[in-house]
Amino acid sequence: MRLPVSYIAKRFLSFVVVVWVAASVNFIVPRMAPGDPIGAMVARMELQGEVIEDSAELIAAYREKFGLDGSLWDQYVSYLTSAVQFDFGHSLSYFPRPVSDIILDALPYTLGLLAVSIIISFTVGTLLGALIVWLKIGRSGIGLVAPLLLLGSIPQYLLAIILLFVFSFALRWFPSGGAHALGASHDFTLANFIEVARHGALPIMSIVLASAGGWLIGMRSMTITVTRSDYLTLAKAKGLSQLRIFYHYVIRNAILPQVTNLAIAMGSIVGGAILVEVVFTYPGLGSHLLRAINNQDFTVIQGMTYTLVLSVASAVLIVDLLYPWLDPRINYEDQ
Amino acid sequence: MRTPANGTRNLLQSADDRDTILSLNDLHVEYASATGTIHAVRGVNLDIRRGERFGIAGESGSGKTTLVNAILRLLPETAQISAGSIHFNDIDLSRLDNRSLNFLRWSRIALIPQGSMSSLNPVMKVGHQIAEVIKTHEGKRYNKDVRDRIERILESVGLDGRVLNLYPHELSGGMKQRVCIAMAITLEPELIIADEPTSSLDVVVQRQVAKTLIDVQERLGASIILIGHDMALLAQTAHRIAIMNEGELVEIDNVREIYHRPRHRYTQMLINSLPSLEHREERDIPPVARADGGATPLLDAQAVTKVFGYKGHLFAKSTEFTALDEVSIEVTGDFPMVTTIAGESGSGKSTFANIVLGFAKPSGGAVYYRGKDIARQSRSEFAQYRREVQAIFQDPYEIFNPVYTVDSLFRVAVKKFKLARGNDETMALIEEALRVVNLSPEQVFGKYPDELSGGQRQRLMVARAYLLKPKLIVADEPVSMVDASLRLMILDLMKSLRDELGTSFVYITHDLATAYQISDQIIILNRGKIVERGTPEEVIKNPQHPYSQSLIQAIPSPNPDIKW
Amino acid sequence: MYSRKLSMLLIVLLVLFQAFLVSGQDVAREETLIIGSDLTSNVAADDIFNPYLPAVQRSLGMAQLMEEMLFYTNYETNELMPWLATGYDTSDDFTEYTIHLRDGVKWSDGEAFTADDFVFTINMLKTNPTLRGAAGIERAIASVEALDDLTVKLTLNDPNPRYIQQSWAVRISSSPPIVPEHIWADKDPSSFPNFDLDKGWPVFTGPYVLTSSSQDQRIYNRRDDYWGVETGFTDLPAPRRVIVATAGVDEVVGARIQNNEVDSLAALSANTLVTVQSRNPNVIGWTDESPFGYTDPCPFYLEFNTTREPWDDPKMRAALSYIIDRDLVANIAFEGQGMAAQFLFPAYTGLMDFLDSLSDEFAASAYRYDPEASAAIMESKGYTLQDGVWRDGDGNSIVIDFLMLGFNIGPTWGRSIQILSQQFEDGGFEVNVSDLDFGPYWERANQGMWGVRMAWSCGSITDPHTTLSNFHSDLVMPIGETASRNFGRWDNPEYSALVDQLGQMAPSDEGYFDLAREAMTMFLADVPAIGLQQQLRVNPFNTTYWVGWPTADNNYVNPQSWWSTAAIIIHTIEPAG
């Protein structure tokens, strides 16, 4: 399937616009919140028992250093120029740690967690949803689905805590937090790889259990629609094998709205994953972002949300670009 | 598995029997539903001969599609063959296991589905959809030979062989239908079941496709069962016709007998309800002069143009296309009349209806209602216009708000247009309107639109239009989805509204036969342009434009003696 | 053939299984000390070990394992423990201090620790105002010089008899660490991360070196060439490896120590500790029974904005003080395990003795629960009680503009604010609570945009001066400008003069406590602030792998595991087996 240049260009354009709007909102919102990030930094140090005798001087020195005294417009322009270069300067509350370093350390964990969870949750949910209809699993199917739906209605944060208590503290099957074994090096060895997988298991399970039900329901209703379609009747009349009909007709067609939903759901999945990371003290963006919000660490908030928006927008862009390949009917001109 | 054509046959069978390819014996099909068992097919007996084109005619709900699905064993879960047998050659299809069925399907019995617009897998290329039957039944991979073979088959139904590389949405309706025909004949089956094979096509294409179907059937020597509701089409294509009503075959005979000497009452009704192009009843009530008539036309469309899409820009090609191109139509205000705007799909006739109803604004030109530009009415003028100009649509389900009961919908209409004072007066008005369309309040009050049958909804639509006693009704394909009996009733109603209430109609249709019967003026649109206009006699009997000629020529006559 | 494949598969599975069990640790758990840090979330700056940058997290092992202090203040024994220093002398007017450094101290890279390093560190702070704590150093120290390799002379701007204890002996949490000149000399201290494991950085004098640092854990290995062993000053600490790991959110930390995943935690609620102990008796608190916690040096208190009506009137401040039942507030805030604070001092022996000597003054003051006294004041001010609310002649009620840190700081704060609001309302006042996050809270607090605020008071440990000095008139700033201390802008020149006098005396000086009593009397009469409750912090330890933790029965040092003083704990604990 060859995509028209105009389609690709339009997708890119909307991608850029989305990222720009998000980046701007991202700039304005933390600044609309009352309070002063430098003051927050000092307050945090003091709460930890440190005595900052001359906070007024320190605050003044830092305000100057971070250019927080400049006009909002100047700050915005310099923010945008540096955002394009993926340079967000230094963390306000963790000066002089560069924001991009914080992000680059954490991003692989978050992306890994998200990618694996989304793939598992989407595949399992979608396949189960299709199979329940296709294999005509009636009441017993509902029995299978109900727990998943129930789990889907629990906030991921709470689900994470429940899993932690059951599988880590009670059964001790999985470690309770972090991404690596305590005391282990970060070298790439088989043992470390297995450890990373074990540490990722519960966070991934939290996200998968919370979201698979949604995919299942969506796929189930789409599969019902497809099984009532004319082309399925014809496929049966053609004497095709069940497997062929299931894959080439049922799944291939019913999955299309799922893929669209995937792009839509991406944002909320990321949001949920952030909290799950906090529960598991997983070294992803989550705990940094949460703390940065508490500390009004503008630069970190900006850098992280920008990165998340960029990731989500890229994922949506990829889905958009792949979609015509999945659904040849897509009308390039109307989109 | 494949039964040899000769040899193992039971020698006691008669010559006639040997000629029989499909034999249904006292076939019963039942559906389980929430309200009880529905007996959809009731004791059908039928023999179809080798090489025969056999038509089964019936209205919606008559059980004809259930019958087809029973033969192919494609009944839904809830349905079952409760009695009887289906013998295909020597094999009782009703008792075959799935594996054997899959063997038999397509290689010996193929289907041309109803609604072939949606019968092709939208995400699979046409070639693959044909190739997969070759792979499944002959075990051949999609290689050069198979490709060539598919191309040849596509060419044999009048398509370009390269169509195999296209997706269904890239094809027109007629092309899709041909693809379905090509698919059906790929394995050269003995029996083809064609379920309403051309019902979604425009008349010109319908004729071509029907001809193609007959052509390939004759070439293969296969039998074909043609299912349809259009008696005229069946009359032109089938050798024998069975009439199906409420699950039973009420009459089976050859085409001529059915047309000229229908025996069953139901058959007679069907034949009588057929609009004919041969003669029309002249309008017997002379036009009455109206008090508010005069020089000003009731509706005056002047050079109405509608362009859809947008001009291109840096990233997009222009997608403009002209749906209406300087269309001028005048409906006189001197006397009530029916003006038909006829055309195939894409001709712009529905766009015109939408502009007249104020749902769309013309890109150029203007529509004047009693001298006022409808696009420039004041709020109060527009409210008045809304009351005086009503609409009847093809599928009224989309028109009624599904969250209101029928009576509240009607009450709201009465209240909105201040037609009555007080509850009693309101009810009296509503009941009168329902009576006109043969509905009783008990049948519909308290029900939601989706609890009613399509026919009931269509009648409600007419009743609502009647309730408001409009000056003009825009009827957009009001009868294209309804059964013959209801069609007759609605068309009669239109006539009586015109003659008794003095309501004028703009009748939008693709069906020139009904247009011929009820119109006072016919306008034929083609690709947004008027190609023909005049009285029904002028337009139908003596069309000037080649397009009109081909259109009229393509209309099948219910009389088998008049060749298509 | 088939069986060969099968055995191959078995071997692979076996290897995988073993890998699963071993999980990459090369030091046995019994030899590893695992400290749950005081952070609930992962650190953003895992590559910054410059102790003077805001980003640094010294509590994650730097302060306890690598840096060593000149002196440590032992809250329990109330003594100054010399460590990198051996002692100090001071001039009679308390403006010059001579500090004697210990001989034989070496940096972890083998270089000698000398007076030059000390001088370098002080000068670095004096010339780089954005460094953490730099302003305090610059304000206090006029000049520094090395008299010889092991002797440093500090000249102060103002006389200060408690200078060493305040600034160089871990008064609270930590003191400025000395950095090695030979590494820092050519670096920009305002950006130097002091982190390069290949070079052996960070270089400090302590017995551990950093071997890895990530967001969720830092690993330190013991080094056997520690100077303390060579000089005979001290033994090597017992743990071969120390891991400081993120403790995690409140909901899970208890389960972590219960499962022996960590050997200590920075905080746990007393009630959770009881639950944990019922399942794992090896987990201990400071005391065996309630309240389990250790008194933090910074108690909670209420402060009045003395520039705002009606709190500019000492009588009105007293009226509010009378309606606060401190015992109730403390017990509700700490779920029945609380301890009320009579004043703004932590409940440490020296300070408590001082307060005891003031019992008459307290009895005469508004620092007690007496609603009737409050009502009497209100009536004398022309207020009448209408439907439980005090109203003036015009029918206006008093709305307390109550500022405090947001609920997300912790449940203790949330419960405090609820019970306080309730008491204010019971006393006839209306309350408008602003519970804000760090940033907005701090801004409004130091600029004086509030009526009454709840905060924590860090100051005195042994003698009353430091806390009293937080309310000095010199610290008063106009409303809207950033104040460093005395956010309530209480301006009492007489009192401030007394504080100045106290500042130039040592507690041992004659007349010191009489003067302090005088200052206290003024404070009590004027009511600029009210003590609320001691912060009792439960700092649990796990005796499964390590024993010898500080407890009330074995109180060799205060127990805070995230403080510099925890170095002493680590030098003391022993393997359990």
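Everything below is about the structure printed above this text.
Residues numbered from 1 in each chain as written. Chains lettered and ligands numbered in written order. Predicted model: local features only at pLDDT ≥ 70, side-chain atom pairs only at ≥ 80, totals over all residues. Heavy atoms only, no water.

### Here we look at the overall build of chain B
Along the backbone of chain B there are 20 helices and 20 strands. Against the globule reference of 24 Å for 564 residues, chain B gives a C-alpha radius of gyration of 26 Å, in line with a compact fold. Its C-alpha atoms give chain B principal-axis dimensions of roughly 80 × 60 × 45 Å. Put simply, chain B has 564 residues, and 54% of those count as buried. Here chain B displays about 25,200 Å² of accessible surface, and carbon together with sulfur accounts for 48% of that area. Charge-centre separation for chain B: the mean point of 66 positive side chains lies 4 Å from the mean point of 70 negative side chains. (Helix = DSSP H or I, 4+ residues; strand = E, 2+ residues; numbered from the N terminus. Rg over C-alpha atoms; globule rule 2.2 N^0.38 Å. Buried < 20%, exposed > 50% of the residue type's maximum accessible area, 1.4 Å probe, protein only. Areas by Shrake-Rupley, 256 points an atom, 1.4 Å probe, with all protein chains shown as cover. Lys, Arg positive; Asp, Glu negative; His and termini not counted. Charge placed at Lys NZ, Arg CZ, Asp CG, Glu CD.)

### Considering the sheet that holds strand E7 (residues 151-156) of chain C
Residues and elements named next belong to chain C. Spatial ordering of the open sheet is given by E4-E5-E7-E6, a layout of four strands whose pairing is antiparallel. At either end of the open sheet lies a strand with only one pairing partner, and these are strand E4 (85-90) and strand E6 (141-148). Going from strand to strand, the sheet's axes swing by 20° on average, the running direction of each strand aside. As defined by bridge partners, E6 adjoins E7 across six bridges and the pair is classed as antiparallel. Across the sheet, the residue bridging to Val-144 is Leu-154, located in E7. Contacting strand E5 (96-101), E6 and E7, helix H3 (residues 115-127) crosses the sheet at an angle of about 165° to E6. (Pairing = 2+ DSSP bridges. Axes fitted to C-alpha atoms, helices over the stretch in contact; angles between N-to-C directions. Contact = heavy atoms within 4.5 Å.)

### Some remarks on the interface of chain B and chain A
On the side of chain A, 26 residues touch chain B, which itself brings 30 residues to the contact. A buried area of about 2,500 Å², summed over both sides, lies between chain B and chain A, and 61% of it is on carbon and sulfur atoms. The interface formed by chain B and chain A contains two salt bridges. Arg-244 of chain A serves as the salt-bridge partner of Glu-132 of chain B, at 2.7 Å between the closest nitrogen and oxygen. In this structure, the connection of chain B to chain A is made through 11 residue pairs in polar contact (both at pLDDT 80 or more). Per-element tally for the side of chain B that touches chain A: the top contributor is helix H4 (residues 126-138) of chain B, with six residues. (Buried area = accessible area lost by both parts, 1.4 Å probe. Salt bridge = Lys/Arg side-chain N within 4 Å of Asp/Glu carboxyl O. Polar contact = N/O pair within 3.5 Å; in protein donor to acceptor, adjacent residues only side chain to side chain.)

### Details of the state of the cysteines
Any covalent bond linking the sulfur atoms of two cysteines counts as a disulfide. All names here are of chain C. By the definition in use, this model includes one disulfide over all chains. Linked covalently through their sulfurs, Cys-298 and Cys-458 form a disulfide whose S-S length is 1.9 Å. Taking the torsion about the sulfur-sulfur bond, which here is approximately 110°, the covalent link between Cys-298 and Cys-458 counts as right-handed. On the criterion of sequence distance, the pair formed by Cys-298 in the loop between strand E12 (294-295) and strand E13 (300-304) and Cys-458 in the loop between strand E18 (452-456) and helix H17 (465-469) is long-range, its members being 160 residues apart. The pair formed by Cys-298 and Cys-458 is uniform in burial state, with each residue classed as buried. (Disulfide = S-S within 2.5 Å.)

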